[in-house]
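If you want the building blocks of each chain, they are given just below.
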Amino acid sequence: MLTRLIFLLSMAGLANGVNAQLQSPDDFLPHRWGETFTPHHLLVDYVQHVANNSPNVQLIEYGMTNEKRPLLLAVVSSPENLANLESIRENNLRKTGLLSGQTDPSMDKAIVWLSYSVHGNEAAGSESSMMVLYELADSKNAKTQDWLKNTIVIIDPALNPDGYSRYSHWYRGMSNMIPDPNPSVREHNEPWPGGRVNHYLFDLNRDWAWQTQVESQQRIKVYQQWMPHIHADLHEQYYHNPYYFAPAAQPYHEYITDWQGDFQIEIGKNHAKYFDQEGWLYFTREVFDLLYPSYGDTYPIFNGSIGMTYEQGGHSRGGRAILLENEDTLKLMDRVMHHKTTALSTVEIASLNAKRLVQNFEQYFANSSTNPLGEYKAYIIKGTNNKDRMKALCTLLDKNKIQYGQAKTVVNAKAYSYDNGKEKTVKVEAGDLVVSAYQPLSVLTQVLFDPEVDLIDSLTYDITAWSLPYAYGLEAYASKQKIDISPGYAFDRVPAMSADQEAYAYLGSWASIQNAAFLSALLQEGVKTRYASNSFTLDGKNYPAGTLVITRADNRRLTNFDQTVIRVAEKQNQMLVAAKTGFVEEGNDFGSDAVKLIKTPKVALLSGEDTDPNGFGQVWYYFEQVLGYPVHIFDADRIARVDLSEFNILILPEGRYRLNEAVRKQLSQWLYAGGKLIALGEANSSLADQEGFKLTEYATEEDKKAAENKSEQEVLDGRLDDYAGQERRYISTSNPGALFKLNLDTTHPLAFGLGDNYFSLKTNTLHYQLLKGAWNVGTIGEEPVVSGFVGAKALRDLKNTVVMAVEDKGRGEIIYLIDNPLFRGFWENGKLLFANALFMVGN
């Protein structure tokens, strides 16, 4: 049965003549549909009303948001289909291979899923969902009732209730009684952080595959129980733009099938028929590509669906009415009507092609299990990797229903090394984790694991590299040969530990974010903890730099020292070694200055208008949901009034900061007194080339002048460039998102636990020279090793630049992280890098 399935059908709703009670949005709401934005609680009330008063609708409450708003699905079909809904659902799952058993052709129905307003301030989507639901639920509507005979429609009216509520409440409170269409006025200029994002200010439309957020996690669980044949994701874009619908723009990921591409065209032509009748403007095959795998169109595609994005002009600035550049006025009613039209057109085309949809869907998964598309047939994660990282990877695979196991026999396989990009013979043996491409979700598996993405067109909307072995910092190999596996992978349980009153110290690992969460918990319990700045040997075992050392001597004042340490370790699933002595065989004894006491972080984090909402949210989420560590949040424009002496760490998330001379002086004094400043991504541009900071774009004035001369010459050389090629020329300076293999100083605390190599996800073109008189911990060399697309000029500028550096300043430090290691919350190795910045550097 569906998890958390709640049928909110009243007994009255099952009686004959129930439709006499069904109200349209116009009749139910305190305002006319399309007149203004409906508060989320009334949207929920209306969906429940329809479910209670139509024999065509069943309601699923599939979860709750961070702010405890319900997440809903309305399942719409004929009463006969609803009576067999579980059989229809299971029959469809059997076609995928995710559920065993024989399929029943009598249960074959087209399944369409409509997702609304994943970006909360693209609110016309949720508004339109109510009328779409009504039209489908109304038994008097002969056209829709005919469609529902062979079609199941699943409507998610608000994927992001917290963001939708943030926007709609703001707008209803700030707008005039009579709409003002002037784009410059207050009601068209939403304040920070905007309703686009969820509670933690994450973009949920980039989170489908990574599932870092509760909304995504809960939605994907129920999505996987249905596996629809068509998924339409209804958005809004800049208000001047006409409506966009499928087919999508290039680049398509190479694993998208001809059927998936061709049927998008059929759907688009059906939409165009209705838009042509009304004279509504629209465009197709531009801007919105199908490459990055974590969108609401691509993720369903890689799960066998026809995935599409629909984009209505309006966005957060549209309000109830806004003046367009053609001097027409775009009204909210226009926006909801357009979305209603494409949604119903999608259901119509699905019903008319139900048999083809089901047949091609079934064939897609048959091919997946027997004839995978890509060249790599198996992905090998060596069992010698850190087990916490391997567990984290398996957790993500489980969330995505990707199967894995161990080789049935020892195999020598030719395979591509993710570490050095070369082919070698790898011995696949007991303990190695193997992900085979011969499985139901073969395509999704290959998309997420392939070391390189084949780009048909470099004009793309998002990052171009994301391979999971790089993200998790794992020794891994991709093989072109099939490896038979036994399903499942069992990790050894952490053995039960008991307090050892004779222990001189307890030793803990430092190689994963789970180790960092353990340290976080220890410090909050008042346990003094050290780390080894050099490797050492004790009882014949080698311990790497970064190893946690929890000595009895440091914690003499702590009541129940042993019990506290063991309790925290067990809760965090960490294994400790009880050391009987502080006298090591090689390296530094535990009383040495080289075994450094970790300062308990007192963290201030900037937010507000100067910060990027996503960038701030990623740090906020990291502290609250990953580390479980307290953080104090201040608006950036109040920094001059913050008593920084109360904190020893200040974090500048991605953003553009206005640091005047007084603020820079304040920061300098705080740093010299022992403060630690951590700058992420674009925040570094506010420090570069400023007095008191060693970060510079050019090493010397001569280098700066040479770069200016080169830029000027390029302008002169381009005076006869053709107009049509300007977009193509622009991408030579861009970096939508690519991986760079860094040269890493593994002896520096900022690099502890990362391994010999670190692959950095670079999503900007910031390029800074190696710092003078500072520690250049992670750098890009003369011949960058890159996965993904980077424009030629951007790549030239990135040669011989710094990506992570530490500048000592008095008793304090500045940590420059030019690439944001917390980007979208899915770069697992980046989480440990950030923990190094918090806990390891500066002790």
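First, a word on what this report is: a plain description of the structure on this page. (Residues numbered from 1 in each chain as written. Predicted model: local features only at pLDDT ≥ 70, side-chain atom pairs only at ≥ 80, totals over all residues. Heavy atoms only, no water.)

Some thoughts on the packing of helix α16 (residues 513–524) against helix α17 (residues 561–571)
The contact between α16 and α17 brings their axes to 10 Å, and the two run at 145°. Both α16 and α17 take part in a crossing whose hand is right-handed. Contacts between α16 and α17 involve Phe518, Ala521 and Leu522 from the first element and Val565, Val568 and Ala569 from the second. Residues belonging to the contact of α16 with α17 are distributed by class as follows: six nonpolar, no polar and no charged. (Axes fitted to C-alpha atoms, helices over the stretch in contact; angles between N-to-C directions. Helix = DSSP H or I, 4+ residues; strand = E, 2+ residues; numbered from the N terminus. Left-handed = near helix turned anticlockwise from the far one by under 90°. Contact = heavy atoms within 4.5 Å. Nonpolar A, V, L, I, M, F, W, Y, C, P; charged D, E, K, R; others polar.)

A few points about the nonpolar core
For soluble globular proteins, the rule of thumb is that nonpolar side chains tend to be buried together. Counting residues in hydrophobic clusters, the biggest one holds 152 residues, and the most contacted among them are Phe623, Ile651 and Phe834. For isoleucine 651, the contacting residues outside a window of four places in its chain are Val603, Ala604, Leu605, Leu606, Val619, Phe623, Ile678, Leu680, Phe834 and Leu838. (Core = buried A, V, L, I, M, F, W, Y, C linked by side-chain atoms within 4.5 Å. Buried < 20%, exposed > 50% of the residue type's maximum accessible area, 1.4 Å probe, protein only.)

Some remarks on empty space enclosed by the protein
Scanning the model with the defined rule gives seven cavities of 30 Å³ or more in all. Forming the walls of the largest cavity are Lys599, Pro601, Asn648, Ile649, Gly674, Lys676, Glu813, Leu838, Phe839, Val841, Gly842 and Asn843. Considering only enclosed or pocket space, the second largest cavity measures out at about 60 Å³ in volume. Tyr758, Ser760, Leu761, Val803, Met804, Leu817, Ile818, Asp819, Asn820, Pro821, Trp827 and Leu833 together form the lining of the second largest cavity. Counting only elements with at least two residues in the lining of the second largest cavity, the list comes to β32 (758–762) and β35 (801–809). Tallying contributions element by element places β32 first for the lining of the second largest cavity, with three residues. When its residues are assigned to classes, the lining of the second largest cavity shows nine nonpolar, two polar and one charged. (1 Å grid on protein atoms, 1.4 Å probe; cavity = no way out; pocket = protein on both sides within 12 Å on 5 of 7 lines; lining within 4 Å. Points joined across faces, edges and corners; volume = space filled by probe spheres on them.)

Observations regarding helix α9 (residues 258–278)
Over its 21 residues, α9 extends 31 Å from the first C-alpha to the last, a length consistent with the 30 Å expected when each residue adds 1.5 Å. For α9, every residue scored as buried is listed here: Trp259, Gln260, Gly261, Phe263, Gln264, Ile267, Gly268, Asn270, His271, Ala272 and Phe275. (Expected span 1.5 Å × (residues − 1).)

With respect to the pattern of salt bridges
Under the definition given, this model contains 32 salt bridges. With its nearest N and O atoms 2.6 Å apart, the salt bridge here joins aspartate 554 to arginine 530. Taken as a pair, aspartate 554 in the loop between β24 (548–551) and α17 and arginine 530 in strand β21 (residues 530–532) lie far apart in primary sequence, 24 residues in all. The partly exposed category is assigned to aspartate 554, whose relative accessible area is 23%. For arginine 530, a relative accessible area of 18% gives the class buried. Notably, a salt bridge pairs glutamate 828 with lysine 831, separated by 3.1 Å at the nearest N-O pair. (Salt bridge = Lys/Arg side-chain N within 4 Å of Asp/Glu carboxyl O.)

Some remarks on the packing of helix α4 (residues 85–96) against helix α12 (residues 354–370)
Between two packed helices, what matters for the description is the angle formed by their axes and the separation of those axes. Where α4 meets α12, the axes come as close as 7 Å, and the angle between the chain directions of the two elements is 45°. When the interaxial angle is binned, α4 and α12 end up oblique. Seen from α4, the contacting residues are Asn92, Lys95 and Thr96; seen from α12, they are Val358, Phe361, Glu362 and Phe365. For the contact of α4 with α12, the per-class residue count stands at three nonpolar, two polar and two charged. (Parallel < 35°, antiparallel > 145°, perpendicular 65-115°, else oblique.)

Comments concerning unusual backbone geometry
Proline 193 follows tryptophan 192 through a cis peptide bond whose omega is 0°. Take proline 193: it is sitting in the loop between α7 (161–174) and α8 (214–226). Residue proline 247 follows alanine 246 across a cis peptide bond; omega there is 10°. Within the secondary structure layout, proline 247 lies in the loop between β6 (243–244) and β7 (249–252). Positive phi outside glycine occurs at arginine 285, with the angle close to 60°. Considering the arrangement of structural elements, one finds arginine 285 in the loop between β8 (282–283) and β9 (289–290). Despite not being glycine, glutamate 327 has its phi angle at roughly 70°, a positive value. Mapped onto the elements of the fold, glutamate 327 is located in the loop between β11 (321–323) and β12 (329–331).

A look at the packing of aromatic side chains
Aromatic rings considered in pairs are described by the distance between their centres and by the relative angle of their planes. In the structure shown here, the tally under the stated rule is 50 aromatic pairs. Considering the side-chain rings of phenylalanine 634 and phenylalanine 647, the 5.5 Å spacing of their centres and the 75° angle between planes classify their relative orientation as edge-to-face. Of this pair, phenylalanine 634 sits in strand β28 (residues 632–635) while phenylalanine 647 sits in the loop between β28 and β29 (649–652); the two residues are 13 residues apart in sequence, bridging distant segments of the chain. Lying across the ring of tryptophan 208, arginine 219 places its NZ or CZ 4.3 Å from the centre. Here lysine 482 stacks its cationic end above the ring of tyrosine 438, 4.4 Å away from the centre of that ring. (Phe/Tyr/Trp six-rings, centres within 6.5 Å; stacked < 30°, edge-to-face > 60°. Lys NZ or Arg CZ within 6 Å of the ring centre and 35° of its normal.)

Structural notes on the pairing of strand β2 (residues 70–76)
Of all seven residues in β2, six are buried, a share of seventy percent or more. In this sheet, β2 lies alongside strand β1 (residues 57–64) in antiparallel orientation, the contact comprising seven bridges. Opposite glycine 63, over in β2, you have leucine 71 as the bridge partner. Here β1 hands over to β2 after five residues, with lysine 68 in that stretch at a positive phi of 65°. By the bridge criterion, three bridges tie β2 to strand β4 (residues 151–156) in an arrangement that is antiparallel. The residue bridging valine 76 from the neighbouring strand is valine 153, located in β4. (Pairing = 2+ DSSP bridges.)

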